[in-house]
Amino acid sequence: MKKLSASQERILNYLKERAQDGLPPSVREICRATGLKSTSTVHVHLKTLEENGYITRDAGLNRAIHITGEERSSQVPVLGKVTAGLPILAVEDIEDRLKTKRKITHPRPGHADLVGGMKYRFDDLRNSLERSSARETTMRVAVGAVAKRILAELDIEIANHVVVFGGKEIDVPENLTVAQIKELAQQSEISVVNQEREQEIKDYIDQIKKEGDTIGGVVETVVGGVPVGLGSYVQWDTKLDAKIAQAVVSINAFKGVEFGLGFKDGYLKGSQVMDEILWNEEDGYTRRTNNLGGFEGGMTNGQPIVVRGVMKPIPTLYKPLMSVDIETHEPYKATVERSDPTALPAAGVVMESVVATVVANEILDKFSSDNMEELKEAVARHRDYVKNF
């Protein structure tokens, strides 16, 4: 292997230290830890380390950095194929790591620690902490990857991006396609489509970390090319927007969901909200606007699905709030675990995955098929029917 520079040695040593936590660091964390000021410089050094066999990286994943020759304790492999009778398997064995973790008796405000201990009668709140961890969403992202593959075969596009960072709204250019949103968000380290705001938001995140605090925000997922009529108005539990809302709010730390204009509807008149219906020979039925986020009566109307979820700030604070020891009932500062100032970009990946899963399930329920060719034909016939309705 090629001899490393001093900066590359520092980066490699830091990566090895962080590997013990089970979560590789972000590029900006590497900057802070090694004294390097430029993320571009870190990217160059990481590329050199990768080319010389010191590390491996997974394309498209910000934190997927692994030390060559060491166990990938933080990677959950997805195995198997999408064929009849063969399951998809995602396994991570963390039992030995958990045995070395300290006992927790100081619950964190805003987390499942205390109530989980009460419900399941734990004397060590780590049992609640670990089981309620967002690591659970790894499984949902794995399932979502399969769902997105199905959607792509049907010319259905999906993308996510962050629209609010801790109260700072991101200006989104009008009339962006789903493909453009996806491309711009993937070019951003923080999953925003407005590159002019990127550095400002990064600096804000760094400031929040210095303060020992965390921030929440809002993530938007957009699905384009969705067939008309997914979901149904005939029963409360068959409305597709309701199914998506449940899936989004089930994501760790998500506290609310809205479609289209969402809660702004409560401040507007009906004439300002409803989407006028249009028709032309090329497209069939369309809408002049998409204020309702692609839904009418719990059913898709052919417009893009636009859904936003709000994520609360991460409850693990380096400037911990007051709590109570469950053994002595005396006041203590809450437990401090390894944490980030925000998890919004990662949460967007999870949200996109759960939305894709719900939509894919709905398509498979509506269109009878035993293979992809039959499914494509059924969807194509349906699209032709609604266009000429």
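Bear in mind that the values here come from a model prediction, so they are computed numbers and not experimental data.

**Observations regarding the overall build of the protein chain**
A tally of regular secondary structure across the protein chain gives 13 helices and 15 strands. Taken over 389 residues, the protein chain has a buried fraction of 43%. Contacts in the protein chain between residues at least 24 apart in sequence constitute 64% of all its contacts with a sequence separation of at least 6. Here the protein chain has roughly 21,700 Å² of accessible surface; of this, 53% comes from carbon and sulfur atoms.

**Quick notes on the sheet that holds strand S8 (residues 254-259)**
Taken in spatial order, the five strands of this open sheet run S6-S5-S7-S13-S8, and their pairing is antiparallel. Two strands bound the open sheet, and with one partner strand each, they are strand S6 (168-169) and S8. In this sheet, S6 lies alongside strand S5 (residues 157-165) in antiparallel orientation, the contact comprising two bridges. Bridging across to S6, Val 164 finds its partner in Glu 169. Sheet strands touched by helix H12 (residues 344-366): S5, strand S7 (217-224), S8 and strand S13 (305-311). Its angle to S5, the strand with the most contacts, is close to 145°.

**Topic: the pairing of strand S10 (residues 284-287)**
Within a regular beta strand, the side chains point alternately toward one face of the sheet and then the other, so they alternate between its two faces. Where strand S9 (residues 277-280) lies against S10, four bridges are found, and the strand directions are antiparallel. Bridge assignment links Asn 280 to a residue of S10, and that residue is Gly 284. Hairpin connection, S9 to S10: the antiparallel pair is bridged by three residues.

**Points about the packing of helix H7 (residues 137-153) against H12**
Across the interface, H7 lies against H12 with an axial gap of 7 Å and an inter-helix angle of 50°. Taken together, the axes of H7 and H12 lie oblique to each other. Every pair of crossing elements has a handedness; the one defined by H7 and H12 is left-handed. Packed against H7, whose contacting residues are Thr 137, Arg 140, Val 141, Val 143, Gly 144, Ala 147, Lys 148, Ile 150 and Leu 151, the element H12 presents Val 349, Val 350, Glu 352, Ser 353, Val 354, Ala 356, Thr 357, Val 359, Ala 360, Ile 363 and Leu 364 at the interface. Class assignment for the residues of the contact of H7 with H12 results in 13 nonpolar, four polar and three charged.

**Considerations on the packing of aromatic side chains**
Per the counting criterion, the structure on display carries three aromatic pairs. Seen in terms of ring centroids, Phe 259 and Phe 295 are 5.4 Å apart; in terms of plane orientation they differ by 80°. Their pairing is edge-to-face. Of this pair, Phe 259 sits in strand S8 while Phe 295 sits in strand S11 (residues 295-296), placing them 36 residues apart in sequence. The exposure classification of Phe 259 matches that of Phe 295, with both residues buried. For the pair Tyr 385 and Phe 389, a centre-to-centre distance of 6.0 Å together with 75° between the ring planes defines the contact as edge-to-face. We note that Tyr 385, like Phe 389, is exposed. Cation over ring: Lys 366 sits above Phe 367, and NZ or CZ is 5.6 Å from the ring centre.

**A closer look at the nonpolar core**
If you look at soluble globular proteins, the nonpolar side chains tend to sit buried side by side. Grouped together as the largest cluster of nonpolar side chains are 47 residues, with contacts concentrated most on Phe 165, Ile 244, Val 307, Val 355 and Ile 363. Of the residues forming this core, the biggest block, 11 residues, is contributed by H12. With residues near it in sequence (within four places) discarded, Ile 363 still touches Leu 151, Leu 154, Ile 156, Leu 230 and Leu 375. Ranked by size, the runner-up nonpolar core spans 16 residues in total, among them Leu 12, Leu 15, Cys 31 and Tyr 54.

**As for the confidence of the model for the protein chain**
The pLDDT averaged across the protein chain works out to 88; a share of 88% of its residues lies at or above 70. A low-confidence stretch, residues 72-84 stays under pLDDT 50, and its non-local contacts, those more than four residues away or across chains, total 31 contacts.

**Overview of the packing of helix H10 (residues 240-249) against H12**
Pairs of packed helices are described in terms of their axes, by the angle between the two and the distance that separates them. At a minimum axis distance of 9 Å, the contact between H10 and H12 shows a crossing angle of 145°. By crossing handedness, the relation of H10 to H12 is classed as right-handed. Taken together, the residues of H12 that come into contact with H10 (itself represented by Leu 240, Lys 243, Ile 244, Ala 247 and Val 248) are Met 351, Val 354, Val 355, Val 358, Val 359 and Glu 362. Its residues assigned to classes, the contact of H10 with H12 comprises nine nonpolar, no polar and two charged.

**A closer look at a nonpolar patch on the surface**
A contiguous nonpolar surface patch, about 620 Å² in accessible area, is contributed by Ile 277, Trp 279, Tyr 285, Tyr 385 and Phe 389. Examined against the element boundaries, Phe 389 turns out to sit in the segment after helix H13 (372-387).

**Quick notes on unusual backbone geometry**
Phi angles above zero are rare outside glycine, and Asp 155 is one such case at about 60°. As for its position among the elements, Asp 155 is in the loop between H7 and S5. Of the residues examined, Asp 155 reaches a relative accessible area of 62% and is grouped as exposed. For Ala 253, which is not glycine, the phi dihedral falls at a positive 75°.

**Section: a negative patch on the surface**
Taken together, the side chains of Asp 370, Glu 373, Glu 374 and Glu 377 define an acidic patch exposed on the protein surface. Along the chain, Glu 373 falls in helix H13. For Glu 373, a relative accessible area of 48% translates into the label partly exposed.

**Describing the pattern of salt bridges**
When their charged atoms lie close together, side chains carrying opposite charge are able to pair. Tallying each qualifying case throughout the model produces 19 salt bridges. Here Lys 202 ties to Glu 189 by a salt bridge, and the two come within 3.4 Å at their closest N and O atoms. In this pair, Lys 202 sits in helix H9 (residues 198-210) while Glu 189 sits in the loop between helix H8 (178-187) and H9, placing the two residues 13 residues apart along the sequence. Residue Lys 319 pairs with Asp 213 through a salt bridge whose shortest N-O separation is 3.8 Å. Of this pair, Lys 319 sits in the loop between S13 and strand S14 (322-324) while Asp 213 sits in the loop between H9 and S7, and the two are 106 residues apart along the sequence. When salt bridges that share partners are traced, they join Lys 168, Asp 171, Arg 197 and Glu 200 into one network.

Calculation notes
- Residues numbered from 1 in each chain as written.
- Predicted model: local features only at pLDDT ≥ 70, side-chain atom pairs only at ≥ 80, totals over all residues.
- Heavy atoms only, no water.
- Helix = DSSP H or I, 4+ residues; strand = E, 2+ residues; numbered from the N terminus.
- Buried < 20%, exposed > 50% of the residue type's maximum accessible area, 1.4 Å probe, protein only.
- Contact = heavy atoms within 4.5 Å.
- Areas by Shrake-Rupley, 256 points an atom, 1.4 Å probe, with all protein chains shown as cover.
- Pairing = 2+ DSSP bridges.
- Axes fitted to C-alpha atoms, helices over the stretch in contact; angles between N-to-C directions.
- Parallel < 35°, antiparallel > 145°, perpendicular 65-115°, else oblique.
- Left-handed = near helix turned anticlockwise from the far one by under 90°.
- Nonpolar A, V, L, I, M, F, W, Y, C, P; charged D, E, K, R; others polar.
- Phe/Tyr/Trp six-rings, centres within 6.5 Å; stacked < 30°, edge-to-face > 60°.
- Lys NZ or Arg CZ within 6 Å of the ring centre and 35° of its normal.
- Core = buried A, V, L, I, M, F, W, Y, C linked by side-chain atoms within 4.5 Å.
- pLDDT = per-residue confidence, 0-100.
- Patch = residues over 30% accessible without salt bridge, like charges linked within 9 Å, V, L, I, M, F, W, Y side chains within 5 Å.
- Salt bridge = Lys/Arg side-chain N within 4 Å of Asp/Glu carboxyl O.
- Lys, Arg positive; Asp, Glu negative; His and termini not counted.
- Charge placed at Lys NZ, Arg CZ, Asp CG, Glu CD.

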